[in-house]
Amino acid sequence: MQATAEATALALKGGADPAKLHEVLLHATGDCVAVRTRLPVAGVVADSPASNGWQPGFMTDLMAKDLDLALTYGARVGVPLAGTAVARQSLTAASVAGYGREDFSSVAKVILGLAGAG
């Protein structure tokens, strides 16, 4: 979700059409469940959280808890999880911004700088 949110932010800030972004990602190495189900732009994927008021399939605060478990385990077994740590920071920012009970894809609102985007 972190990579999908960042790719979306880059594309939108550069003026790309979100539907075209979605089409390109679906046919590239960026294709993944987050792109198929949670592209963080309303109206591109009909049943995505962004298209439905960020209603949770899985809440931001629960995803943060799960990443905490992964980070704790990684530390215990000596596996560095730098990407997971960055994603956890983004989830913290989303939770602080009031998106903790929204779908975890709402992390994109923080990355896109859309605080208050409901």
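*Asks:* With reference to specific residues and values, describe the confidence of the model for the protein.
*Replies:* Averaged over all residues, the pLDDT of the protein equals 93, while 96% of them reach at least 70. Mean pLDDT in the protein bottoms out at helix H1 (residues 2-13), which sits at 93, and peaks at helix H4 (residues 60-77), which reaches 98.

*Asks:* Explain the environment of Ala46 to me, and be specific about the residues and the numbers.
*Replies:* Of note, Ala46 is situated in the loop between helix H3 (33-38) and H4. C-alpha separation for the pair Ala46 and Met59, spaced 13 residues apart in sequence, amounts to 19 Å. Discounting residues that sit within four places of it in the chain, Ala46 has contacts with Ser51 and Asn52.

*Asks:* Outline the layout of surface pockets, supporting the account with residue identities and numerical values.
*Replies:* Here the largest pocket is characterised by a volume of approximately 160 Å³. Lining the largest pocket are Met1, Gln2, Met63, Leu67, Ala87, Leu91, Phe104 and Val107. In terms of residue class, the lining of the largest pocket is made up of seven nonpolar, one polar and no charged.

*Asks:* Which residues make up the side chain of Glu102, and what are the values?
*Replies:* Mapped onto the secondary structure, Glu102 falls in the loop between helix H5 (82-99) and helix H6 (107-111). Within polar-contact distance, the side chain of Glu102 engages the side chain of Lys109 at 2.8 Å.

*Asks:* Pulling in residues and values, what's your account of unusual backbone geometry?
*Replies:* Positive phi, close to 60 degrees, is recorded for Trp54, a residue that is not glycine. Structurally, Trp54 is set in the loop between H3 and H4.

*Asks:* An account of H1 is needed here, citing residue identities and associated values.
*Replies:* Given a rise of 1.5 Å per residue, twelve residues ought to cover 16 Å, and the 16 Å separating the end C-alpha atoms of H1 matches this to within 8%. The inward-facing, buried residues of H1 abut helix H2 (18-26), H3, H5 and H6. Positive backbone phi, approximately 90 degrees, marks Gly15, located one or two places after H1.

*Asks:* Before we move on, can you summarise the environment of Ser106 with the specific residues and values?
*Replies:* By the secondary structure assignment, Ser106 is in the loop between H5 and H6. When neighbours within four sequence positions are excluded, Ser106 is seen to be in contact with Trp54, Thr60 and Tyr99. A distance of 3.2 Å separates a polar atom in the side chain of Ser106 from a polar atom in the side chain of Thr60.

*Asks:* Can you explain the packing of H4 against H5? Please cite residues and give values.
*Replies:* Across the interface, H4 lies against H5 with an axial gap of 9 Å and an inter-helix angle of 150 degrees. On the basis of the axis angle, H4 is roughly antiparallel to H5. The element H4 and its partner H5 pack so that their crossing is left-handed. Contacts from Thr60, Asp61, Met63, Ala64, Leu67, Asp68 and Leu71 of H4 reach H5 at Thr84, Ala85, Ala87, Arg88, Leu91, Ala94, Ser95 and Tyr99.

*Asks:* Could you give an account of the nonpolar core, with specific residues and numbers?
*Replies:* Met1, Ala34, Met63, Ala64, Leu67, Ala87, Leu91, Ala94, Tyr99, Phe104 and Val107 form the largest nonpolar core, which has eleven residues in total. Listing elements by their share of this core, those giving two or more residues are H4 and H5. Per-element tally for this core: the top contributor is H5, with four residues. If sequence neighbours within four positions are ignored, Ala34 has contacts with Met1, Thr4 and Leu39. Listed in part, the six residues of the second largest apolar core include Ala11, Leu21, Val35 and Leu39.

What counts and what doesn't
Residues numbered from 1 in each chain as written. Predicted model: local features only at pLDDT ≥ 70, side-chain atom pairs only at ≥ 80, totals over all residues. Heavy atoms only, no water. pLDDT = per-residue confidence, 0-100. Helix = DSSP H or I, 4+ residues; strand = E, 2+ residues; numbered from the N terminus. Contact = heavy atoms within 4.5 Å. 1 Å grid on protein atoms, 1.4 Å probe; cavity = no way out; pocket = protein on both sides within 12 Å on 5 of 7 lines; lining within 4 Å. Points joined across faces, edges and corners; volume = space filled by probe spheres on them. Nonpolar A, V, L, I, M, F, W, Y, C, P; charged D, E, K, R; others polar. Polar contact = N/O pair within 3.5 Å; in protein donor to acceptor, adjacent residues only side chain to side chain. Expected span 1.5 Å × (residues − 1). Axes fitted to C-alpha atoms, helices over the stretch in contact; angles between N-to-C directions. Parallel < 35°, antiparallel > 145°, perpendicular 65-115°, else oblique. Left-handed = near helix turned anticlockwise from the far one by under 90°. Core = buried A, V, L, I, M, F, W, Y, C linked by side-chain atoms within 4.5 Å. Buried < 20%, exposed > 50% of the residue type's maximum accessible area, 1.4 Å probe, protein only.

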